[in-house]
Amino acid sequence: MELSRRSIVAGAAGLAAATAVKSKAASLDPSFAEVRAAAADTISKGATPGLMIAIAHGWRTVFREGFGSANLECFTPVVPETVFHIGSMTKQFTAAAILRLQEQGLLAVDDPLSRFIPDFPDAAAVTLRQLLTHTSGLHNFTADLFPYTMLQSQDISLAKLVAYLSKQAVEYDFEPGTAHSYSNSGFVLLGAVIEKVTGETYSTYLKREVLDRARLKSTVVDRVSDVVPHRASGYEVWGPGNFHNALFISMSIPRAAGALRSTAEDLLAWHRALFAGDVITPASLALMLEPSRLKNGDLASTNARPAPKKPPTSNYGMGLIVDELEGEKFVQHPGAINGFTADMVTFPRLGLSLAVLSNGPVADELVDQILPGVLRGAIRADGK
């Protein structure tokens, strides 16, 4: 998302407290003409085969519509039931699962990794909190493109994947707690922690303690071998309208960092339940939304690696980015995985969520394009 339209959020307590929003009689522009025009333009330009857009206001779904194709070979249109991979949007679900385990007294976010995976290199120096907030320094295994490309087509066990992470050529990019750097490796390890603590698979625990509590119908840890009604196919775009089937990736590779599939409607329901306190307690939610800090007390966003081209204006909590637009605080986390992109922005005070799923590369760009207008409409309808 464009940094120029953000400002630093001072804290998360107010954001968590702002979630008790009553449904409003007034709503957004019922025609959603700008949203439809932007989506239709994206499809007509050949930027992606298909899109699904859903919007909630006052926590009620007020718009959901598909555009383009879910599968180009079968001429299948995108419909509200279309299922997409959501990539790194998975991380907020994993974070909620860890916080749920803390509520159950089975771990604490300040526990060292060594309590759960004692043989992992320097595990005593890394906490679960640091893994959750990308301040562990653990090298991101997906950033090494050649070995990752070779790895992603394999179905491998969690034990073998953890062993792979423990033998990276560069294990840590910096001392834990001294900087911020996005790491899929850290969330893979969090999935391993969940399995170690519960004696269950990540998928089983997540379904019972997170997904079912949110009453989600179509969100699940994916296996590409599953037969899934309305499953979208993923595509690479090599130029306008030049679509190619995306490279295969086994979901045994991203795991707790990015293996979920979902629908736009389910994503709206997820934040509705999360902010209503149906999944984790308000205290846990406040932790999830608290901007992360380094050992010296600085906001982690002030020491991001690699250094951003512009001064950082957003903060990473636990699986969610906390930010502000036009005076309204919001949370967000994009996702990208072979052939798919996903993004959702939620403004808790307004009960406003905008979710965009794509079987191409455009979800976050489209959110950037249509979000300001959607937000202004919600503010007008809210009477602010």
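Refer to the structure above for everything that follows.
Q: Lay out unusual backbone geometry in plain terms, naming residues and giving numbers.
A: Cis geometry marks the peptide bond from Arg305 to Pro306, where omega comes out at 0°. Positive phi values are uncommon outside glycine, yet Phe75 reaches one of about 55°. Here Phe75 shows up in the loop between strand 2 (60-71) and strand 3 (76-77). With a phi angle near 55°, Asp122 is a residue other than glycine that sits in the positive phi range. In this fold, Asp122 is placed in the loop between helix 3 (90-103) and helix 4 (128-132). Residue Asp122 is classed as exposed on the basis of its relative accessible area of 55%.

Q: Can you tell me about the environment of Met251, naming the residues and giving the values?
A: Note that Met251 resides in the loop between strand 7 (243-245) and strand 8 (260-262). For the pair Met251 and Lys329, spaced 78 residues apart in the sequence, the C-alpha separation amounts to 33 Å. Not counting the four nearest positions on each side in its chain, Met251 is found in contact with His85, Asp222, Val224, Ala259 and Ile337.

Q: Which residues make up the side chain of Arg100, and what values go with them?
A: Relative to the elements of secondary structure, Arg100 occurs in helix 3. If we ignore the near neighbours within four places in the chain, the residues touching Arg100 are Tyr205, Glu209, Arg213, Val279 and Ile280.

Q: So, helix 2 (residues 33-44): which residues are in play, and what are the values?
A: With twelve residues, helix 2 extends 16 Å from end C-alpha to end C-alpha; this agrees with the ideal 16 Å at 1.5 Å per step. Just downstream of helix 2 lies Gly46, where phi reads positive at about 70°.

Q: Tell me about the sheet that holds strand 8, residues and numbers included.
A: Here three strands make up an open sheet; going across it, the order is 4-8-5 and the pairing antiparallel. Both edges of this open sheet fall to strand 4 (84-85) and strand 5 (220-221), since each of them pairs with a single strand only. Across two bridges, strand 5 lies against strand 8 in antiparallel orientation. Its bridge partner being in strand 8, Val220 is matched across the sheet by Arg261.

Q: Any details on the pairing of strand 11 (residues 328-332)? Residues and values, ideally.
A: Most of strand 11 is tucked away: four of the five residues are buried. The pairing of strand 10 (residues 321-325) with strand 11 spans five bridges and is antiparallel. The residue bridging Ile321 from the neighbouring strand is Gln332, located in strand 11. From the end of strand 10 to the start of strand 11, which pair antiparallel, there are two residues, and Glu326 there has a positive phi angle of about 50°.

Q: Just give me the short version of the nonpolar core, but keep the residues and values in it.
A: Core analysis: the largest hydrophobic core is formed by 83 residues, its most contacted members being Phe93, Phe120 and Trp270. If one sorts the elements of this core by residue count, helix 9 (residues 264-276) sits on top with eight residues. Apart from the residues within four sequence positions on either side, Phe120 is in contact with Leu113, Leu138, Val162, Leu165, Ser166, Glu171, Tyr172 and Leu189. Counting residues in hydrophobic clusters, the runner-up holds 28 residues, among them Phe32, Ala39, Leu325 and Leu354.

Q: Please give an account of the packing of aromatic side chains that cites residues and values.
A: Considering all chains together, one arrives at seven aromatic pairs under this definition. Relative to Phe340, the ring of Phe84 has its centre 6.3 Å away and its plane inclined at 90°; by these criteria the two rings are edge-to-face. With a gap of 256 residues between them, Phe84 in strand 4 and Phe340 in strand 13 (residues 340-347) connect regions that are remote in the sequence. Here Phe84 falls in the buried class, since its relative accessible area comes to 1%.

Q: So, the pattern of salt bridges: which residues are in play, and what are the values?
A: Using the criterion set out here, one finds 18 salt bridges in the structure. Arg215 serves as the salt-bridge partner of Asp278, at 3.0 Å between the closest nitrogen and oxygen. Of this pair, Asp278 sits in the loop between helix 9 and helix 10 (282-289) while Arg215 is found in the loop between helix 8 (202-211) and strand 5, placing the two residues 63 residues apart along the sequence. Looking at Asp278, the relative accessible area reads 29%, which means it is partly exposed. In this structure, Arg261 engages Asp226 in a salt bridge whose closest nitrogen and oxygen atoms are separated by 3.2 Å. On the criterion of sequence distance, the pair formed by Arg261 in strand 8 and Asp226 in the loop between strand 5 and strand 6 (235-237) is long-range, its members being 35 residues apart. Just as Arg261 is buried, Asp226 falls in that class too. Because the salt bridges share partners, they merge into one network encompassing Arg100, Glu103, Glu200, Arg208 and Glu209.

What counts, and where the lines are drawn
Residues numbered from 1 in each chain as written. Predicted model: local features only at pLDDT ≥ 70, side-chain atom pairs only at ≥ 80, totals over all residues. Heavy atoms only, no water. Helix = DSSP H or I, 4+ residues; strand = E, 2+ residues; numbered from the N terminus. Buried < 20%, exposed > 50% of the residue type's maximum accessible area, 1.4 Å probe, protein only. Contact = heavy atoms within 4.5 Å. Expected span 1.5 Å × (residues − 1). Pairing = 2+ DSSP bridges. Core = buried A, V, L, I, M, F, W, Y, C linked by side-chain atoms within 4.5 Å. Phe/Tyr/Trp six-rings, centres within 6.5 Å; stacked < 30°, edge-to-face > 60°. Salt bridge = Lys/Arg side-chain N within 4 Å of Asp/Glu carboxyl O.

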